[in-house]
Amino acid sequence: SRPGSRRDPQPSPRRHALHPAVIAGLPMYDRPETAASLDRLWALIRDALRARGVAAPERLHRGPDLWALWTAGDLVLAQTCGLPYRARLHRHVALIGTPDHGVAGCPPGYYRSVLVVRAEDARGTLAAHAGARLAYNEALSQSGWAAPAAHAAAQGVRLRPVGPTGSHAASVRAVVEGRADIAGIDAVSWALMRRHDAALTDRLRVLAATAPTPGLPLIAAAGADRTAILAACRDAVARLPGEDRDTLSLRGITDVHAGAYLALPLPPAP
């Protein structure tokens, strides 16, 4: 998953900086190898939205300012991370649904972090890594910071944060290059990196996995027609070719209640 900015969202009635009419973005697992499949998924969602009378942009927005996307007053659909949602966004957006990526050991719509270390690191337990340097992508990342911090605290292990690195890929590189000893990586991002960045991931091993938490939610501007948007998303995934579903590791869209996100405690600052 991609990191969020630390800036507090400032919702406004209408925002046109990103798109002249309405906007949508699916940035969290967007990389060169998945971009075409995401575009085809969006085309199906777009058409399903329009068929239900919901205005939808022709193409996905791609840009670096995720908070501008997430807080846009004319947001039709976007994906965010669970921690930005529960820390700041839930008061300003509509929760639509949660993609199910079929993460092993997790209920539908849930995911977890894997804690990765260098392949040659002989320490076999997290306890043996007490005091180790933890590379984290962003302080408002559930998978990169909150989940590893909670997992370590539950075992009475203290890790030394190193970062923010800016992305899961950068955290992986920090461990590979010896600038950190351990990193928490979103299990879906890790699977994508294993598939497409084997030169890096082959130099690492998974030490442990965190407890499952709700996955990366789909959101829309406050007041959006949630029923129509969720139905459009589900219809689109059902019609998406199997090859694209495999590329995105996408099983469907689940209905994870907002309470499941908000029940998780906010982590301490790194």
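As the structure is a prediction and not an experimental result, all values here were calculated from the model.

Each helix and strand counted, the protein chain has ten helices and twelve strands in total. Taken against the 2.2 N^0.38 rule, which gives 18 Å for 270 residues, the C-alpha radius of gyration of the protein chain at 18 Å falls within 12% of a compact globule. A burial count over the protein chain gives 54% of its 270 residues as buried. By sequence separation, contacts in the protein chain at least 24 residues apart represent 81% of the contacts at least 6 residues apart. Side-chain charges of the protein chain comprise 32 positive and 23 negative groups, with the mean position of each set lying 5 Å from the other.

As for its position among the elements, P270 is in the segment after helix 10 (258-262). You can call P270 partly exposed: its relative accessible area is 41%. Each C-alpha atom, one on P270 and one on S171, is 15 Å from the other, the two residues being 99 residues apart in sequence. P270 has contacts with Y136, A139, W145 and P161, leaving out every residue within four places of it along the chain.

This part is about the packing of helix 1 (residues 35-51) against helix 8 (residues 226-239). Contact geometry for helix 1 and helix 8: axes closest at 8 Å, N-to-C directions at 135°. When the axis of helix 1 is compared with that of helix 8, the two are oblique. For the pair helix 1 and helix 8, the crossing hand works out as right-handed. Mapping the contact onto sequence places L41, L44, I45, A48 and L49 in helix 1 and A228, I229, A232, C233, D235, A236, V237 and R239 in helix 8. Here the residues of the contact of helix 1 with helix 8 are counted per class, giving eleven nonpolar, no polar and two charged.

Helical periodicity: at 3.6 residues per turn, an α-helix aligns residues three or four positions apart in one direction. Look at helix 1: 24 Å from first C-alpha to last across 17 residues, which is about the 24 Å you get at 1.5 Å a residue. Looking at helix 1, one finds that the buried residues are A35, S37, L38, L41, W42, I45, R46, A48 and L49. Along its buried surface, helix 1 packs onto strand 1 (23-25), strand 2 (75-79), helix 8 and helix 9 (242-248). Positive backbone phi, approximately 80°, marks G53, located one or two places after helix 1.

We now examine the pattern of salt bridges. Counted according to the given criterion, the structure contains 15 salt bridges. Across the pair D181 and R118 runs a salt bridge, and its minimum N-O distance is 3.3 Å. A residue pair is termed long-range when its members are at least 10 positions apart, and D181 in the loop between helix 5 (168-176) and strand 8 (182-186) and R118 in strand 5 (residues 113-118) qualify at 63 residues. Of the two residues, D181 and R118, both sit in the buried class. It is possible to trace a salt-bridge network through shared partners that takes in R46, D47, R50 and E58.

Let us look at the packing of aromatic side chains. Using the criterion set out here, one finds three aromatic pairs in the structure. Aromatic pair W67 and W70: ring centres 5.1 Å apart, planes at 80°, arrangement edge-to-face. Of this pair, W67 and W70 are both found in helix 2 (residues 66-70), three residues apart, which corresponds to roughly one turn of the helix. Considering the side-chain rings of Y85 and Y261, the 5.4 Å spacing of their centres and the 70° angle between planes classify their relative orientation as edge-to-face.

Procedures and definitions
- Residues numbered from 1 in each chain as written.
- Predicted model: local features only at pLDDT ≥ 70, side-chain atom pairs only at ≥ 80, totals over all residues.
- Heavy atoms only, no water.
- Helix = DSSP H or I, 4+ residues; strand = E, 2+ residues; numbered from the N terminus.
- Rg over C-alpha atoms; globule rule 2.2 N^0.38 Å.
- Buried < 20%, exposed > 50% of the residue type's maximum accessible area, 1.4 Å probe, protein only.
- Contact = heavy atoms within 4.5 Å.
- Lys, Arg positive; Asp, Glu negative; His and termini not counted.
- Charge placed at Lys NZ, Arg CZ, Asp CG, Glu CD.
- Axes fitted to C-alpha atoms, helices over the stretch in contact; angles between N-to-C directions.
- Parallel < 35°, antiparallel > 145°, perpendicular 65-115°, else oblique.
- Left-handed = near helix turned anticlockwise from the far one by under 90°.
- Nonpolar A, V, L, I, M, F, W, Y, C, P; charged D, E, K, R; others polar.
- Expected span 1.5 Å × (residues − 1).
- Salt bridge = Lys/Arg side-chain N within 4 Å of Asp/Glu carboxyl O.
- Phe/Tyr/Trp six-rings, centres within 6.5 Å; stacked < 30°, edge-to-face > 60°.

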